There are 2 protein chains.
Amino acid sequence: MVVYAGQGDPRRSIELLWRASVAEKRPGPKPGLSVDAIVDAAIEVADEQGMAFSMRAVGERLGRTAMALYTYVPGKNELVDLMYDRAMAELPASYPLDDGWRPAVTRWAHDMWEFYSRHPWMLQVSQARPVLGPHEFAVTEALAAILVTTGLPGRELRGIVGAVNYFVRGAAQTVSEARAAGGATGEGDEEWWYARSAVLLEIEPDLEKKFPMLHVLESDREPVDPELPYLENDAVKNFRSGLKVLLDGVEAAVAKS
Amino acid sequence: MVVYAGQGDPRRSIELLWRASVAEKRPGPKPGLSVDAIVDAAIEVADEQGMAFSMRAVGERLGRTAMALYTYVPGKNELVDLMYDRAMAELPASYPLDDGWRPAVTRWAHDMWEFYSRHPWMLQVSQARPVLGPHEFAVTEALAAILVTTGLPGRELRGIVGAVNYFVRGAAQTVSEARAAGGATGEGDEEWWYARSAVLLEIEPDLEKKFPMLHVLESDREPVDPELPYLENDAVKNFRSGLKVLLDGVEAAVAKS
DNA sequence: TGCGACTCCTTACAACGTAAAGTAACCTTG
DNA sequence: CAAGGTTACTTTACGTTGTAAGGAGTCGCA
């Protein structure tokens, strides 16, 4: 399920994201938890169980009930926003530009790729509206700082930033969700593919004739790295070659300007 | 929530997708429903209510209970697979190549874009593993048929097909989920942005100094088309300029080969 | 005519997010 | 120092979800 960001009270959400709460002396028992503790616990749970984690599970990990979380966080949606932004703090704030923008963007993309495989649930948070948290800003700032050195105008840069983002996210989805789905059903990628395609070929024997261009696409395949699972092999190679094409496009834009 | 494809019995799923059931004479009451009727109804419901539609809602639309659907379809996951593939039947199977591959790919991308805005729930079906249905194949076949005419080898084409796909999907997500979220909360994009960014600037006044490159990115903005909502304006322009860069990259690859 | 396969319904259950209300701890004020 | 208000956290409960289980009625075939 895709979780939509930011549906609650805007002020409360933004204040939580930027930790703008004033820690004044208050009556009542000492808080045994904190927003940070809850968000960290939730990220751990989500890393293990995926986006379909439950408030009860997060509470349990902290030795509390699910309802205890509602003292600190308005609801699950807001918690997801906080998790999303918090996780992004893992990423570098800037990249060296000694060799120009292209290696830097490549590094950025690879970091994002690995980041998404560490936190697959991130890919299920809706990208429709930005969470508007400090670390999400920082990640995009890092990419923008690289691309600004191309000298391209903002108009073009916005499209490029978007394209790079979409590409990385999409490519990461293909791999990390494949892994997650395999984990969920207990079967690896190979088994999944094998079972599926065997039945498919049995039911539709002249598949290759019906979709000849897909067959052409499958040609020219390099030997498979036995270290990696099947789908991952493909995905990694397609990621590299896709990114190359995309950056060639950027280079063309730079050359023209 | 992201719905993972293909977790059930592979044979049953594939047979349903390719409608490979043999319609033999069978005892028992005449079926009042059909897989097609259920899938169509489910698509209608999902178009209106989003991916979080319920089996009960689909049943109700057909004048049945939720459990009646389970006679035709193994579960909700499989139904989503069927919806996914069925919806893709709306898309063209081929594109004219009179003006070369570039206008054709552009058409393909725009068709996908519009398709996704018609069926926003499509973007929430996990892309990790292909559904392996006939229409999903046909859509990719159409794109492959265009790109094959570039003469590039399969190795490079796979990366390009992936990149174009990811890009279109990502760009469409930004818009159509924004619309969906607006519909869900009842507030439009403008209100959302306004409330959010007002609070943000109040809490963090020197945002521009903290993220100077993002500020550069926002510069050079063209006048807004008053016909379209705020976010959509941006998204459409970024879509066009991002696609342009991507296709420039393809052109560079073609020129080099 | 009856058997068995079939469609569809009712009922039921476990899991979910979270509303409501209660209990106990603690600071502030009289 | 006691009273009162505020807070942290729990228990209980509700509505919604996907779907398992079992039963009622319908039809083809022996």
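Residues numbered from 1 in each chain as written. Chains lettered and ligands numbered in written order. Predicted model: local features only at pLDDT ≥ 70, side-chain atom pairs only at ≥ 80, totals over all residues. Heavy atoms only, no water.

Within chain A, the secondary structure is distributed over 11 helices and zero strands. Every one of the 257 residues in chain A was classed for burial, and the buried ones make up 50%. When contacts within chain A are restricted to residue pairs at least 6 apart in sequence, those whose partners lie at least 24 apart make up 77%. Element-wise, carbon and sulfur atoms account for 54% of the exposed surface of chain A, whose accessible area totals about 11700 Å². (Helix = DSSP H or I, 4+ residues; strand = E, 2+ residues; numbered from the N terminus. Buried < 20%, exposed > 50% of the residue type's maximum accessible area, 1.4 Å probe, protein only. Contact = heavy atoms within 4.5 Å. Areas by Shrake-Rupley, 256 points an atom, 1.4 Å probe, with all protein chains shown as cover.)

So, about the nonpolar core. Ranked by internal contacts, the top residues of the largest apolar core, which has 162 residues, are A:Trp108 and B:Trp108. When residues no more than four places from it in sequence are discounted, the contact partners of B:Trp108 are B:Tyr95, B:Val139, B:Ala142, B:Leu143, B:Ile146, B:Val164, B:Asn165 and B:Val168. (Core = buried A, V, L, I, M, F, W, Y, C linked by side-chain atoms within 4.5 Å.)

Right, let's talk about the protein's contact with DNA strand C for a bit. In the vicinity of DNA strand C, 29 residues are found, and the nearest of them are A:Arg56, A:Tyr70, B:Pro29, B:Gly32 and B:Tyr72. The sugar and phosphate moieties of DNA strand C supply 63% of its atoms located within 4 Å of the protein. Within the contact set of DNA strand C, a phosphate oxygen lies 2.4 Å away from a side-chain nitrogen or oxygen of B:Tyr72. In the surface near DNA strand C, the residues fall into 14 nonpolar, seven polar and eight charged. (Near = heavy atom within 4 Å. Polar contact = N/O pair within 3.5 Å; in protein donor to acceptor, adjacent residues only side chain to side chain. Nonpolar A, V, L, I, M, F, W, Y, C, P; charged D, E, K, R; others polar.)

Moving on to the packing of helix 5 (residues 101–118) of chain A against helix 6 (residues 134–148) of chain A. Residue and element names in this part refer to chain A. Remark: helix 5 packs on helix 6, axes separated minimally by 9 Å, with the N-to-C direction vectors making an angle of 160°. With respect to helix 6, the element helix 5 is oriented roughly antiparallel. Here helix 5 runs over helix 6; the crossing is left-handed. Only Val139, Ala142, Leu143, Ile146 and Leu147 of helix 6 make contact with helix 5, whose side of the interface consists of Trp101, Ala104, Val105, Trp108 and Met112. A per-class count over the contact of helix 5 with helix 6 returns 10 nonpolar, no polar and no charged. (Axes fitted to C-alpha atoms, helices over the stretch in contact; angles between N-to-C directions. Parallel < 35°, antiparallel > 145°, perpendicular 65-115°, else oblique. Left-handed = near helix turned anticlockwise from the far one by under 90°.)

Neighbouring DNA strand D are 28 residues, the closest being A:Pro29, A:Arg64, A:Thr65, A:Tyr72 and B:Tyr70. At the protein interface, 60% of the atoms of DNA strand D within 4 Å belong to sugar or phosphate. Between DNA strand D and the protein, one listed contact pairs a phosphate oxygen with a side-chain N or O atom of A:Arg64 at 2.7 Å. Taking B:Phe53, its main chain carries an N or O atom lying 3.4 Å from a phosphate oxygen of DNA strand D. By residue class, the composition of the surface near DNA strand D is 14 nonpolar, seven polar and seven charged.

Across all of its chains, the model carries six cavities of 30 Å³ or more by this definition. One number sums up the size of the largest cavity: a volume of about 120 Å³. Every residue along the wall of the largest cavity is listed here: A:Gln127, A:Tyr166, A:Arg169, A:Gly170, A:Gln173, B:Gln127, B:Tyr166, B:Arg169, B:Gly170 and B:Gln173. Mapped by element, the contributors of at least two residues to the lining of the largest cavity are helix 7 (154–185) of chain A together with helix 7 (154–185) of chain B. Among the residues forming the lining of the largest cavity, the class breakdown is two nonpolar, six polar and two charged. (1 Å grid on protein atoms, 1.4 Å probe; cavity = no way out; pocket = protein on both sides within 12 Å on 5 of 7 lines; lining within 4 Å. Points joined across faces, edges and corners; volume = space filled by probe spheres on them.)

Applying the stated criterion across every chain, the model contains 12 aromatic pairs over all chains. Pairing B:Trp18 with B:Phe137 gives two aromatic rings, centres 6.1 Å apart and planes at 75°, and the pair type is edge-to-face. Here B:Trp18 is found in the loop between helix 1 (10–17) and helix 2 (35–49), whereas its partner B:Phe137 is found in helix 6 (residues 134–148), with 119 residues between them in sequence. With a centroid separation of 4.4 Å and an interplanar angle of 35°, the aromatic rings of B:Trp113 and B:Phe239 are classed as tilted. Of this pair, B:Trp113 sits in helix 5 (residues 101–118) while B:Phe239 sits in helix 11 (residues 230–256), and the two are 126 residues apart along the sequence. In this pair, the class of B:Trp113 matches that of B:Phe239, namely buried. Taken together through their ring pairs, the aromatic side chains of A:Trp113, A:Phe167, A:Phe239 and B:Tyr166 make up a single cluster. For the cation-ring pair, A:Lys76 lies above A:Phe53, with the distance from its terminal atom to the ring centre recorded as 4.6 Å. (Phe/Tyr/Trp six-rings, centres within 6.5 Å; stacked < 30°, edge-to-face > 60°. Lys NZ or Arg CZ within 6 Å of the ring centre and 35° of its normal.)

So, to be careful, I would describe these as geometric facts and stop short of saying anything about function.
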